[in-house]
Amino acid sequence: MQLIDGKATAQVIKLEIAAKVKSIISEGGKVPHLAAVLVGTDGGSETYISSKIKSCEEVGFKSTLIRFSENVTEKELLDCIENLNNNDDIDGFIVQLPLPKHISEEKITLSISPSKDVDGFHPVNIGKMALGMPCFLPATPQGIMELLKRYKIDTNGKNAVVIGRSNIVGRPLSILLSLNNNEGNSTVTVCHSRTKNLKEICLRADIIVTALGKPGFLKADMVKEGVVVIDVGTTRVEAPETKSGWRLKGDVDFENVAPKCSFITPVPGGVGPMTIVSLLQNTLKAGRF
Ligand code: GUN
């Protein structure tokens, strides 16, 4: 069994990005600039945003954080996005989700210029992704494809099972894995809450990706020997022994599943660190359009 070390891989990619930034600057180019819009004070969003900003600093990007209170109107947010769309110094930007209930996430996503949509959430980017055209890929699926590539995990002709059909992880990942390209070419089954015979489907899988947010859901009797398991779950569970009182737990019963795997991602330190790196990669790409 080999552990897929997302933390170390993310660190290597950050060094690669930092080197590219240096060479862009030495050639007189513009410093990549990411902006992030944060509404309210949701604890999870605050944590994600501060890691994103910190990662920008690590690789030499410029970053701008725009904060709004929970009471911001949709119009104010749309005006801010229009300014960011038209600001030539900003290469790409994100609006951290979730947004308060009185704001339509769909309207906000649609208002972001696809050429600055470094989250890869705009339908134009999702459509291009489905057609295998150059585009911004959503962070988590891109991070997973990068891990598979860097660990030389062969996906060609394999049975891949994706558990979860969210717009930002399961659905796009299922498309990427089935595309007719080097990292794809798998036979993909998308499973979800209505799937019957999930265990039988998983037992046939060469690659299983869990993205459902149920700690310890994937058990050892659901996987075959030699399977590759990618765990996207990051649920906070109580852990009185830690300073914070909680720790992150994945969707996989790691202790019992890991011995059967050829490769497996841990939680934390697997897919998580790769998502921020994907955002950095997209921002670098955005500056070159
Ligand atoms: N909320 C949870 N994940 C994400 C993400 O990748 N991007 C944005 N904008 N919001 C999120």
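Residues numbered from 1 in each chain as written. Predicted model: local features only at pLDDT ≥ 70, side-chain atom pairs only at ≥ 80, totals over all residues. Heavy atoms only, no water.

**Quick word on the overall build of the chain**
Step number 1: For the chain, the count of helices and strands is 10 helices and 11 strands.
Step number 2: Computed over its C-alpha atoms, the radius of gyration of the chain comes to 19 Å, within 12% of the 19 Å expected for a compact globule of 289 residues.
Step number 3: Along the first, second and third principal axes, the C-alpha set of the chain runs to 55 × 40 × 35 Å.
Step number 4: Taking all 289 residues of the chain together, 47% fall into the buried category. (Helix = DSSP H or I, 4+ residues; strand = E, 2+ residues; numbered from the N terminus. Rg over C-alpha atoms; globule rule 2.2 N^0.38 Å. Buried < 20%, exposed > 50% of the residue type's maximum accessible area, 1.4 Å probe, protein only.)

**Some remarks on the sheet that holds strand β2 (residues 33-39)**
Step number 1: An order of β3-β2-β4 is seen for the 3 strands of this open sheet, with the pairing classed as parallel. Because the sheet does not close on itself, it has two edges, and the strands there are β3 (62-68) and β4 (92-95). Recorded for the sheet is a direction-independent mean angle of 15° between the axes of neighbouring strands.
Step number 2: Of the pairings in the sheet, the one linking β2 to β4 comprises 4 bridges and is parallel in character. Paired with Val 37 across the bridge in β4 is Val 95. (Pairing = 2+ DSSP bridges. Axes fitted to C-alpha atoms, helices over the stretch in contact; angles between N-to-C directions.)

**Overview of the packing of helix α1 (residues 6-26) against helix α10 (residues 272-286)**
Step number 1: α10 packs onto α1 with a crossing angle of 20° between their chain directions and a minimal axis gap of 9 Å. It follows that α1 is roughly parallel to α10 by the angle criterion. For the crossing formed where α1 meets α10, the hand is left-handed. Here Gly 6, Lys 7, Thr 9, Ala 10, Ile 13, Lys 14, Ile 17, Lys 20, Val 21 and Ile 24 of α1 lie close against α10, whose contacting residues are Pro 273, Met 274, Val 277, Leu 280, Gln 281 and Leu 284.
Step number 2: Its residues placed into classes, the contact of α1 with α10 shows 10 nonpolar, 3 polar and 3 charged. (Parallel < 35°, antiparallel > 145°, perpendicular 65-115°, else oblique. Left-handed = near helix turned anticlockwise from the far one by under 90°. Contact = heavy atoms within 4.5 Å. Nonpolar A, V, L, I, M, F, W, Y, C, P; charged D, E, K, R; others polar.)

**Describing the pairing of strand β5 (residues 159-163)**
Step number 1: In terms of burial, β5 is a largely internal element, 4 of the 5 residues being buried.
Step number 2: Relative to strand β6 (residues 187-191), β5 runs parallel, the two being bridged by 5 bridges. Residue pairing across strands places Ile 163 opposite Cys 191, the latter belonging to β6.
Step number 3: Handedness of the crossover joining β5 and β6 through helix α7 (residues 170-178): right-handed. (Right-handed = clockwise from strand over helix to strand, strands pointing away.)

**Topic: the confidence of the model for the chain**
Step number 1: Here the chain averages 97 in pLDDT, and 100% of its residues register 70 or above.
Step number 2: The secondary structure element of the chain with the lowest average pLDDT is strand β9 (residues 235-238), at 94, and the one with the highest is strand β8 (residues 227-231), at 99. (pLDDT = per-residue confidence, 0-100.)

**Focus: the side chain of Gln 96**
Step number 1: Within the secondary structure, Gln 96 sits in the loop between β4 and α4 (105-111).
Step number 2: In this structure Gln 96 comes out as buried when scored by relative accessible area, which is 8%.
Step number 3: One polar contact links Gln 96 to Lys 52, side chain to side chain, over a distance of 2.8 Å.
Step number 4: Gln 96 has contacts with Val 37, Leu 38, Ser 45, Tyr 48, Ile 49 and Lys 52, leaving out every residue within four places of it along the chain. (Polar contact = N/O pair within 3.5 Å; in protein donor to acceptor, adjacent residues only side chain to side chain.)

**Describing the site of the ligand**
Step number 1: Near the ligand you find Lys 52, Val 95, Gln 96, Leu 97, Asp 119 and Phe 121, and these make up its full shell.
Step number 2: Taking Leu 97, its main chain carries an N or O atom lying 2.9 Å from a nitrogen atom of the ligand.
Step number 3: Asp 119 is positioned such that a nitrogen or oxygen atom in its side chain is 2.6 Å from a nitrogen atom of the ligand.
Step number 4: Here the ligand has 280 Å² of accessible area as a free molecule, and 79% of this is covered by the chains. (Near = heavy atom within 4 Å. Areas by Shrake-Rupley, 256 points an atom, 1.4 Å probe, with all protein chains shown as cover.)

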